[in-house]
Amino acid sequence: MITPSAEAFGSIENLVSLTAGQYTTGSLILMVSYGAHFAFMIYFILASFQLAPRYRVVPILSAVVMASAGLSLLREFSLWETSYSLQGAMYVPLSEGSSFTNAFRYGNWTITVPILLTQLAIAFALPRPELHKRSLRMIIPAVLMIWTGLYGQFGETGDFSRLNIWGVISTVFFVWLIVEVRGVITAGIANSPDQLKAWPKNIWWYFLATWGLYPIAYALPQLGFTGDIVVARQLLFSIADISSKLVYGLILSRYVLRRSALEGYVPAAEALETSPLGSQVASQRGD
Ligand code: RET
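This one's a predicted model, so the numbers in the text were calculated from it and none came from an experiment.

1. What about the site of the ligand?
Taken together, 17 residues surround the ligand, and among them Thr112, Met145, Ser170, Tyr214 and Lys245 come closest. In this structure, an oxygen atom belonging to the ligand sits 2.8 Å away from a side-chain N or O atom of Thr112. A distance of 2.6 Å is found between an oxygen atom of the ligand and a side-chain nitrogen or oxygen belonging to Lys245. Contact with the protein chains hides 99% of the accessible area of the ligand, taken as 540 Å² for the molecule alone. Placement of the ligand is best described as lying within the largest pocket. Counting residues per element, the ones that place at least two in the shell around the ligand are helix H4 (103-123), helix H5 (128-153), helix H6 (160-191), helix H8 (213-219) and helix H9 (227-262). It is H4 that contributes the most residues to the shell around the ligand, five residues altogether. Residue composition of the shell around the ligand, grouped by class: ten nonpolar, six polar and one charged.

Take a look at the structure:
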């Protein structure tokens, strides 16, 4: 069911009717996403207390990302709830009034992505001038990648050449970003204590696997305007969001906890006391 106003708005969610199962699954996915992000704000704020002062900003920034993404996802959820009306057995998109859009996600990434990238450089304890330089060099291609993608995604309702041309331009910036992130990872490996050198290496693969989900979600509407594609895309976005922000934040927090312990920060060593690393640091202290 294609209506002119829905098409102008540019999201396939406004073009397909959903079964009750698809509609409810979509609601559930968005609800779980914003719920998880809000809940983990508490975790990240409290986790910062275990860390050496220089690393505390890492989970604090995760808490900021959780708040920002949580609000954006709550907005997507409310939009979803008001964008369809139940007619007979199907949830039919409203052609007037509220219309669903994923464009808010891209707006939100403009805030969260620069924070996620800067967190990496801070966690690896890069010296300050290098930290600023490398963060900026990651943020520039990242923002260009997001904004070109934002422009292109309005083509998903039928203008696939717009979707693909801007998708390719955005991917060029993504490749540039990947090169910059690799530079930070390499600096992170060099700068990590011996026991922790595997962490930046693993974070590199984790980064590629999780950030790589977003272009797939972007391209998905080309497989067809169906309820299953609509739901699959929300699921993909949700998996990508939870892994690239929440689980990523957990990984960085655990890494800086270990670093704090190895650098002799006692509360961190005590927090790790049951693991080999914690006992090692504790025994070096002589207890
Ligand atoms: C777009 C457009 C199509 C091409 C590419 C894209 C990449 C998007 C990425 C987004 C990452 C977002 C994150 C958000 C966290 O809050 C823009 C979809 C390559 C990599 C990590």
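So, next bit.
2. Structural notes on the sheet that holds strand E2 (residues 84-87)
An order of E1-E3-E2 is seen for the three strands of this open sheet, with the pairing classed as antiparallel. Each edge of the open sheet carries a strand with a single partner, namely strand E1 (18-19) and E2. Both E2 and strand E3 (residues 90-93) contribute to a ladder of four bridges, which runs antiparallel. Residue pairing for E3: Ser85 is matched across the bridge by Val92.

3. Considering the side chain of Ser260
Mapped onto the elements, Ser260 comes out in helix H9. Ser260 gets classed as buried once you look at its relative accessible area, which sits at 0%. A polar side-chain atom of Ser260 sits 3.1 Å from the main-chain amide nitrogen of Ala52. In this view, Ser260 contacts Leu51, Ala52, Tyr55, Tyr265 and Ala268; residues no more than four positions away in its chain are not counted.

4. Re the environment of Ala47
By the secondary structure assignment, Ala47 is in helix H2 (residues 20-47). Along the sequence, Ala47 and Tyr91 sit 44 residues apart, while their C-alpha atoms lie 42 Å from each other.

5. Observations regarding the packing of helix H3 (residues 57-82) against H9
Packing of H3 against H9 brings their axes to within 10 Å, and their N-to-C directions diverge by 165 degrees. Overall, the two elements H3 and H9 adopt an arrangement that is roughly antiparallel. Remark: the crossing between H3 and H9 carries left-handed chirality. Between H3 and H9, the contacting residues are Val58, Pro59, Ser62, Val65, Met66, Ala69, Leu73 and Trp80 on the first element and Val230, Gln234, Asp241, Lys245, Leu246, Gly249, Leu252, Ser253 and Val256 on the second.

6. What to know about the nonpolar core
Note that soluble globular proteins tend to have their nonpolar side chains buried in a common cluster. Judged by nonpolar contacts, the single largest core of 76 residues is most densely connected at Leu120, Leu177 and Val181. Of the residues forming this core, the biggest block, twelve residues, is contributed by H9. If we ignore the near neighbours within four places in the chain, the residues touching Leu120 are Val181, Val184, Ile185, Ile203, Tyr248 and Leu252.

7. Observations regarding the packing of aromatic side chains
Under the criterion given, the structure shown has 22 aromatic pairs. When the centroid spacing of 6.2 Å and the interplanar angle of 50 degrees are considered together, the rings of Phe40 and Phe44 count as tilted. Residue Phe40 and its partner Phe44 are both found in helix H2; the two are separated by four residues, about one turn of the helix. Under the relative-accessibility criterion, Phe40 is labelled partly exposed at 26%. According to the relative accessible area criterion, Phe44 is buried, its value standing at 0%. A network of ring pairs unites the aromatic residues Tyr23, Trp80, Tyr84, Tyr91 and Phe100 as a single cluster. Across from the ring centre of Tyr151, 4.1 Å away, lies the NZ or CZ of Arg162, which sits over that ring. For the cation-ring pair, Arg182 lies above Trp204, with the distance from its terminal atom to the ring centre recorded as 5.0 Å.

Rules used in this analysis
- Residues numbered from 1 in each chain as written.
- Predicted model: local features only at pLDDT ≥ 70, side-chain atom pairs only at ≥ 80, totals over all residues.
- Heavy atoms only, no water.
- Near = heavy atom within 4 Å.
- Polar contact = N/O pair within 3.5 Å; in protein donor to acceptor, adjacent residues only side chain to side chain.
- Areas by Shrake-Rupley, 256 points an atom, 1.4 Å probe, with all protein chains shown as cover.
- 1 Å grid on protein atoms, 1.4 Å probe; cavity = no way out; pocket = protein on both sides within 12 Å on 5 of 7 lines; lining within 4 Å.
- Sits in = over half its atoms within 2 Å of the grid points.
- Helix = DSSP H or I, 4+ residues; strand = E, 2+ residues; numbered from the N terminus.
- Nonpolar A, V, L, I, M, F, W, Y, C, P; charged D, E, K, R; others polar.
- Pairing = 2+ DSSP bridges.
- Buried < 20%, exposed > 50% of the residue type's maximum accessible area, 1.4 Å probe, protein only.
- Contact = heavy atoms within 4.5 Å.
- Axes fitted to C-alpha atoms, helices over the stretch in contact; angles between N-to-C directions.
- Parallel < 35°, antiparallel > 145°, perpendicular 65-115°, else oblique.
- Left-handed = near helix turned anticlockwise from the far one by under 90°.
- Core = buried A, V, L, I, M, F, W, Y, C linked by side-chain atoms within 4.5 Å.
- Phe/Tyr/Trp six-rings, centres within 6.5 Å; stacked < 30°, edge-to-face > 60°.
- Lys NZ or Arg CZ within 6 Å of the ring centre and 35° of its normal.

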